[in-house]
Amino acid sequence: NFRCRSAFKLLEIDDKFRLLQPGFSVVDCGAAPGAWSQVAVHRVNSAGTDPAAPPGTVVGIDLLHIPPLDGAHFLSCHDVTVPPTHAKLLELLPGGQAHVILSDMAPNASGFREMDHVKLITMCFTLLDLAEKILLPGGSLLCKYLDGILAHELQEKLSRVFNSVQTLKPNASRKDSAERYFLARIYKKPEK
Ligand code: SAM
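Criteria and thresholds
Within each chain, residues carry numbers counting from 1 in the order of the written sequence. The model is predicted, so local features are restricted to residues of pLDDT at least 70 and side-chain atom pairs to those at 80 or more, both for listing and for counting; the totals for chains, interfaces and linings are taken over all residues. Side-chain figures throughout are based on the complete set of non-hydrogen atoms in the structure, without hydrogens or water. Runs of E in the DSSP output that reach at least two residues are strands. Runs of H or I that reach at least four are helices, and both are numbered from the N terminus. Contacts are assigned to residue pairs that have any heavy atoms within 4.5 Å of one another. Relative accessibility thresholds used throughout: buried, under 20% of the residue-type maximum; exposed, over 50%; partly exposed, between the two (1.4 Å probe, protein chains only). Here the arc refers to the set of directions running from the helix axis out to each C-beta atom. Here the rule is simple: two strands pair whenever DSSP picks up at least two bridges between them. Lines fitted to the C-alpha atoms define the axes, with helices restricted to the stretch that makes contact. Angles between their N-to-C directions range from 0 to 180 degrees. Put simply, a nonpolar core is a bunch of buried Ala, Val, Leu, Ile, Met, Phe, Trp, Tyr and Cys residues held in one set by side-chain atoms that sit within 4.5 Å of each other. Near residues are defined by distance, with any heavy atom within 4 Å of the molecule or strand qualifying the residue. Here a polar contact means two N or O atoms within 3.5 Å. Within protein one must be a hydrogen donor candidate and the other an acceptor candidate, and residues neighboring in sequence count only if both atoms are side-chain atoms. Per-residue accessibility takes into account occlusion by the displayed protein chains alone, with areas from the Shrake-Rupley method and a 1.4 Å probe. Points on a 1 Å grid, built from protein atoms alone, make a cavity when a 1.4 Å probe fits but cannot get out and make a pocket when they are open with protein on both sides within 12 Å along at least 5 of 7 lines; residues with an atom within 4 Å of a point are the lining residues. For this analysis, a molecule is said to be in a pocket or cavity if more than half of its atoms are within 2 Å of the grid points defining it. For this classification, the nonpolar set comprises Ala, Val, Leu, Ile, Met, Phe, Trp, Tyr, Cys and Pro, the charged set comprises Asp, Glu, Lys and Arg, and every other residue, Gly included, is treated as polar. Grid points are joined across faces, edges and corners, and a volume is the space filled by probe spheres set on the points.

1. Some words on unusual backbone geometry
Here the residue pair Ala32 and Pro33 is connected by a cis peptide bond, since its omega of 0° sits within 30 degrees of zero. Although it is not a glycine, Cys77 adopts a positive phi angle of roughly 55°. Within the secondary structure, Cys77 sits in the loop between β3 (72-75) and α3 (83-92).

Written as structure tokens, this is what we have:
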């Protein structure tokens, strides 16, 4: 039983790309009400359900309250885009590191497509700062965006620090929405 239908988008992507493996540490950005975290807890074994597999870690963050979930640690009422939240994540993750950053964040819809697009892409840019602090070399980032003029800029920024970047439109995502996901894989720390 998932808390939200969005779970099916992550299941579809993960069935294909196997991002979430037992023992992995995962950060779920924009986690409320917690459906993606449910998928992540199951796949990385962070509730220790499979005693034969290594236990992973799931940390979810949202501006809203996220109801508790066995196997996940939630930072409710936290803004993913600001450095103090990054500092808390560093403390919560084993060794301060994550294998995967997931982001299904979305701004409150303004009704103006262009404005929502710019707002979400701007939020996605901050995920690159977060990645620099916590993402393991070889790690992955999956982030939702709304298609529009700045999408190529985000793709280009991702391509500088990941070996592979692709655009995904899961079948579970409404056909008529501008919603897309960038899947960026094989992280390389940016050169200073
Ligand atoms: N993946 C979630 C699930 O499966 O339950 C659904 C996520 S919902 C589409 C988008 C969430 O992003 C909202 O709960 C919203 O509060 C959150 N959000 C938007 N901006 C945020 C920010 N700056 N920091 C943290 N969360 C944010």
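From this point, things continue past the structure.
2. Considering the environment of Pro170
Note that Pro170 resides in the loop between β6 (162-168) and β7 (179-187). As for Pro170 and Lys119, which are separated by 51 residues in sequence, their C-alpha atoms are 22 Å apart. Every residue in contact with Pro170, bar those within four places of it in the chain, is listed here: Lys9, Glu12, Ile13 and Tyr181.

3. Topic: α3
All buried positions along α3 are accounted for by Thr85, His86 and Leu89. Projected down its long axis, α3 shows its buried positions confined to an angular sector of 100°, all on one face. Facing away from the buried side of α3 by more than 90 degrees, the exposed set consists of Pro83, Pro84 and Glu91. On its buried face, α3 sits against β1 (25-29), β2 (57-61) and α4 (113-134).

4. Quick word on the sheet that holds β3
The sheet built from seven strands is open, its strands ordered β3-β2-β1-β4-β5-β7-β6 with mixed pairing. Each having just a single partner strand, β3 and β6 make up the two edges of the open sheet. When strand polarity is set aside, the average angle formed by the axes of neighbouring strands in this sheet is 15°. The pairing of strand β4 (residues 98-103) with strand β5 (residues 135-146) spans five bridges and is classified as parallel. Within the sheet, the bridge partner assigned to Ile101 lies in β5 and is Leu141. Packed on one face of the sheet, α3 meets β1, β2 and β3 and runs near 165° to β2.

5. Thoughts on the nonpolar core
Counting residues in each nonpolar core, the largest one holds 35 residues, and the members touching the most others are Val27, Cys29, Ile101, Leu127, Leu154, Leu158 and Phe162. Of all the elements in the fold, those that place two or more residues in this core are β1, β2, β4, α4, β5, α5 (151-161), β6 and β7. With 10 residues, the top contributor of residues to this core is α4. Not counting chain neighbours up to four residues away, the residues in contact with Leu158 comprise Leu128, Leu141, Val165, Phe182 and Ala184. Listed in part, the 26 residues of the second largest apolar core include Leu10, Phe17, Val100 and Leu168.

6. Topic: the site of the ligand
Of all residues adjacent to the ligand, which total 20 residues, the nearest are Ser6, Ala35, Asp62, Asp79 and Asp104. Contact between the ligand and Trp36: an oxygen atom at 3.0 Å from a main-chain N or O atom of the residue. Protein contacts shield 86% of the accessible area of the ligand, which totals 610 Å² for the unbound molecule. Using a 2 Å cut-off from the grid points, one finds that the ligand occupies the largest pocket. Looking at the shell around the ligand, its residues break down into 11 nonpolar, five polar and four charged.

7. Overview of the layout of surface pockets
Looking at the largest pocket, its volume works out to about 550 Å³. The wall of the largest pocket is formed by 27 residues, among which Gly30, Asp62, Met105, Ala106 and Pro107 lie closest to the centre. At the level of secondary structure, the elements contributing two or more residues to the lining of the largest pocket comprise α2 (35-44) and α4. Of the residues in the lining of the largest pocket, the class split is 14 nonpolar, six polar and seven charged. Empty space within the second largest pocket amounts to approximately 280 Å³. Contributing to the lining of the second largest pocket are 13 residues, with Ala106, Pro107, Ala109, Asp116 and Leu146 lying nearest its centre. Elements with a minimum of two residues in the lining of the second largest pocket: α4 and β5. In terms of residue count, α4 provides more of the lining of the second largest pocket than any other element does, four residues in total. Its residues assigned to classes, the lining of the second largest pocket comprises six nonpolar, two polar and five charged.

So far we have only geometry, and geometry alone does not tell us how the molecule works.
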